Amino acid sequence: MLENGKISPHQYTIMIAFFIVGGSILYTPSGLVHSAKQDAWMANIIVVGLGLLLVSLFNLLGSRFPTMNLTEYSEKILGKWLGKILSFLYFIYFFLSLAVFIRQIGDFVIIQILPDTPILPLHILLIAIMIMGVRYGIETFSRAIEIFFPIIFLLLLIFIISIFPMIQFQQLQPILDNGIKPVISAAVKSLGTPYLQLVLFLMVFPAVNQTTKAKKSFLLGTIIGGSVLTIVTLLSILCLGTYFSENLQFVTYALALKINIGGFWQRIEAVMAFIWFISIYIKITLYFYGSIICMGQILDLKEYKRLTFPLGLITLVLSLIINKNIVESDKQAEWWTSFSLPFGLFFPLLLLIVSKIRKKGRY
Amino acid sequence: MKRKILLIIFFSSFILLTGCWNKRELNELSILLGLGIDKENEQYIITAQVVNPSEIASKKGGSGKAPVIVYQSKGETLFEAVRKITTVSPRKLYFAHLRILVFGEDLAKEGIGEMIDALIRNSEVRDDFYIAVSKNSKAADVLKILTPLEKIPANSLFASLEVSAKAWSPTEGVTIDKLVSNMVSQGNNPILTGIEIKGPVQTGESNKNVDQTSPKTSLRYKGLAVFKHDKLIGWMNERESKAVHYALGKVKSSVGFVKCPEGGKAVIEVVKTKSKLNTDIIKGRPHGFIKIKINGNVAEVDCQSLDLTDPKSIPYLENESEEALTKIIKSTIRHAQKDFRTDIFGFGEALYRSEPDYWKKHKKEWEQLYSQMPVSVKVEMNIRQTGTINNSPLHEMK
């Protein structure tokens, strides 16, 4: 066991909700509106449904081995070497995602807030606190998340209420004018971020102190995160219309820019940025934690903290070279789902089936 | 030992906390409040109205210099021209406080699409400023005129547009996101408020202009610039632009008058309006419907014949104003359909919302369909109050 920390189901729920909101709150609307136009919010609801199916799959797999993480039982199910190869593939997946998300924060800050600052110092700062978070261990980290939760929840609520006066319901019409097909294809395309990524929580699952409750919190966290994304998508269509929802680089941030109530409640876009920074920080730290545990397991280490600095440095370099420019980053969202599909769906399914055939784990 | 190291780290981190990478202090900024764009010989001419801080900041009213400075530069593209301003100005322009953007009439006729992109792409530009078109003059001249009461002309223009849209209604403050949404939409076209210089430009440029009680040169909003996509194709007068805003439900408060039974006028103050615009298919052809609900009060009675103690006179006033308004709105729509052939009301979008299949089939010929489309207008007027008196003193003088 690399990790001895224990977290409560409640903390687990919050962690998952943050994880889902984190990477997507600024990006989801434009991706979905691109193909589903004004019906994007429906695509969002469909994708939450699909996400819940995935989560049930993860729950099935996780509860067969309540005290082990993904890498541990893949070795047990597939045998040592095959399991290690699979773990290594997962390591690559987690690690690449990590670099991508760090780059997203860098890009956002440079485009919207600090246009002349080089990206390197931003990444250094971020990776420094990320390493710090992982070194403290999952227990301390999840307590920190618990502290942030009410603040973020309140800010999000303020944000949503402030947008209400700008709503124009006619922006939603006509409903389903191209039929249900583009909606479903948009939903399936956007499965990659963030729902397939939830496979990461199979690394955290054994740390939850009550397995049965952990299953429920996994589903509940997904619903909370998914609803936030649905509301945000709906609001961006209602306020900005389809052209802006599709073409703005950071739709939700632009939404916050527009808030102006009575001439004094305005310019609160930093609130939106704060929500995003906190939630994506939680997301990248969890990714880093996942990659480190993965690596530690592959190398059969007794303790994972040694890995934080070397892997952190590699992350820094990788995050700088992973995309050449912003267009490439945007394009990436399109193939990310197909890239995530084996990790998020096929491998867990394979593990589940093989474990049933070879009668490993709890029934 | 460990404590000492921590202390050293603690204090040395202060060096890193001095500020942002690309900090720009207040004394390095020139705060842009008004921006005018013209086009001449394939070159964009931008005119920037910048605050003169020493004149604005002091409470004693400054030293009598102009409160704003106007810089001008030329360039092949907007961004180039903006950066070129640094060759005449000691400070770089700061866009976040922009209040008003004025397009020159000539430029607007050629198309404003190219300008818009640069403005929405830049992260420093917010979208809370208003956009207007200068009528019969260059945008550059509009920004040179000094205004009384409100020291900074751009602020004056911004406030006046906001107040007049609330209280008078032929004007409207259009922000850039609304403009873009209407520009890219196939079933809608933008409209912008016009701005006109009254009096000679030269006298308006100096502080002497605002020393008088009634300045020789002043700015005023006039008319409505009608666009087809991003090109200006014509102007509507005040009456018509009011009708357009009634049809679009944008009137918050306004004033209208009706004729009394035996001559004279009664004035109705509009306090609340609500409008509904939709397009339906009737016998295979599109048909527009506009329904307007207005709440009003009697604000002024300039005639002897109207007896406000009689309950019948209220329906009379209601009917008269309904008829008058319907007439103006109908003629305005006809004007937009036949002469401009541009759908500034958004009938196309309304059609897309109600009949998406029909719209998809016919959106290429929409301009043709629109110009021949019959439109039914229904106005419902409710007069509630008559102010603090009932009958006019004129009535008693009979």
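Everything quoted here is computed from the prediction, not taken from an experiment.

Criteria and cut-off values
- Residues numbered from 1 in each chain as written.
- Chains lettered and ligands numbered in written order.
- Predicted model: local features only at pLDDT ≥ 70, side-chain atom pairs only at ≥ 80, totals over all residues.
- Helix = DSSP H or I, 4+ residues; strand = E, 2+ residues; numbered from the N terminus.
- Buried ≥ 20, exposed ≤ 12 C-beta atoms within 10 Å, placed from the backbone.
- Contact = placed C-beta atoms within 7 Å.
- Rg over C-alpha atoms; globule rule 2.2 N^0.38 Å.
- pLDDT = per-residue confidence, 0-100.
- Axes fitted to C-alpha atoms, helices over the stretch in contact; angles between N-to-C directions.
- Parallel < 35°, antiparallel > 145°, perpendicular 65-115°, else oblique.
- Left-handed = near helix turned anticlockwise from the far one by under 90°.
- Nonpolar A, V, L, I, M, F, W, Y, C, P; charged D, E, K, R; others polar.
- Pairing = 2+ DSSP bridges.
- Expected span 1.5 Å × (residues − 1).
- Bend = angle between axes of the 7 residues up to and from the residue.

Once that is clear, we can look at the overall build of chain B. Along its length, chain B carries 16 helices and 13 strands. Seen along its three principal axes, the alpha-carbon backbone of chain B occupies a region of about 90 × 60 × 60 Å. Expressed as a percentage of its 398 residues, the buried residues of chain B come to 39%. Relative to all contacts within chain B whose residues are 6 or more apart in sequence, the contacts with residues 24 or more apart total 72%.

Let us now look at the overall build of chain A. The number of helices and strands found in chain A is 14 helices and two strands. What you see for chain A is a C-alpha radius of gyration of 20 Å, in line with the 21 Å of a compact globule of 363 residues. A separation of at least 24 residues holds for 84% of the contacts in chain A among residues at least 6 apart in sequence.

Moving on: the confidence of the model for chain B. Residue and element names in this part refer to chain B. For chain B, the average pLDDT comes to 86, and 97% of its residues sit at 70 or higher. Considering each helix and strand of chain B separately, the mean pLDDT is smallest for helix H2 (residues 53-57), with a value of 75, and largest for strand E5 (residues 100-103), with 92. If you check the scores for this complex, the pTM reads 0.85 and the ipTM reads 0.78.

What follows deals with the packing of helix H3 (residues 40-64) of chain A against helix H10 (residues 211-247) of chain A. All names here are of chain A. H10 packs onto H3 with a crossing angle of 165 degrees between their chain directions and a minimal axis gap of 9 Å. The angle between H3 and H10 places the two elements in the roughly antiparallel class. Judged by the sense of rotation from one axis to the other, the crossing of H3 with H10 is right-handed. Counted together, Ala40, Trp41, Asn44, Ile45, Val48, Gly51, Leu52, Val55, Phe58, Asn59 and Ser63 of H3 and Thr211, Lys215, Phe218, Leu219, Thr222, Ile223, Gly226, Leu229, Thr230, Thr233, Leu234 and Ile237 of H10 form the full contact between these two elements. Along the lines of polarity and charge, the residues of the contact of H3 with H10 split into 13 nonpolar, nine polar and one charged.

Residue and element names in this part refer to chain B. Within strand E6 (residues 130-135), six of the six residues are buried, leaving the element largely enclosed by the surrounding structure. Side chains Tyr130, Ala132 and Ser134 project from E6 onto one buried face, and the interleaved Ile131, Val133 and Lys135 project onto a second face that is buried too. Across four bridges, E5 lies against E6 in parallel orientation. Its bridge partner lying in E6, Leu101 is registered against Ile131. Summarising the sheet, E6 and strand E7 (residues 191-198) pair through four bridges and their orientation is parallel. Paired with Val133 across the strands is Gly194, a residue of E7.

Take the interface of chain B and chain A next. Chain B puts 14 residues into the contact, and the matching count from chain A is 16 residues. Those elements that place two or more of their residues in the side of chain B that touches chain A are helix H8 (176-184) and helix H13 (347-354) of chain B. The leading source of residues in the side of chain B that touches chain A is H8 of chain B, at four residues. A class-by-class count of the residues in the side of chain B that touches chain A yields six nonpolar, three polar and five charged.

Next up on the list: unusual backbone geometry. Residues apart from glycine generally show negative phi values, whereas peptide bonds are mostly found in trans. All names here are of chain B. Of note in the backbone geometry, Asn41 takes a positive phi value of approximately 50 degrees without being a glycine. Looking at the secondary structure, you find Asn41 in the loop between strand E1 (29-40) and strand E2 (43-51). Take Asn41: there are 6 C-beta atoms within 10 Å of it, and that puts it in the exposed class. A positive phi angle, close to 60 degrees, is found at Asn136, a residue other than glycine.

All right, on to the environment of Asp307 of chain B then. Residues and elements named next belong to chain B. Here Asp307 lies in the loop between strand E12 (285-301) and helix H12 (313-340). Using a count of 15 C-beta atoms within 10 Å as the deciding quantity, one classes Asp307 as partly exposed. In sequence terms Asp307 and Cys260 are 47 residues apart; their C-alpha atoms lie 9.9 Å from each other. When sequence neighbours within four positions are dropped, the list of residues in contact with Asp307 reads Ser313, Asn391 and His395.

Residue and element names in this part refer to chain A. Compared with the 46 Å implied by 1.5 Å per residue over 32 residues, the 46 Å span of helix H14 (residues 326-357) between its first and last C-alpha is a close match. Along its length, H14 shows its largest kink, about 45 degrees, at Trp335. Among all positions of H14, only Trp336, Ser340, Phe343, Gly344, Phe347, Pro348, Leu351 and Ser355 are buried. Turning to H14, the residues buried within the fold contact H3, helix H4 (70-78) and helix H5 (80-113). Two residues or fewer past H14, Lys359 is found with a positive phi of approximately 55 degrees.

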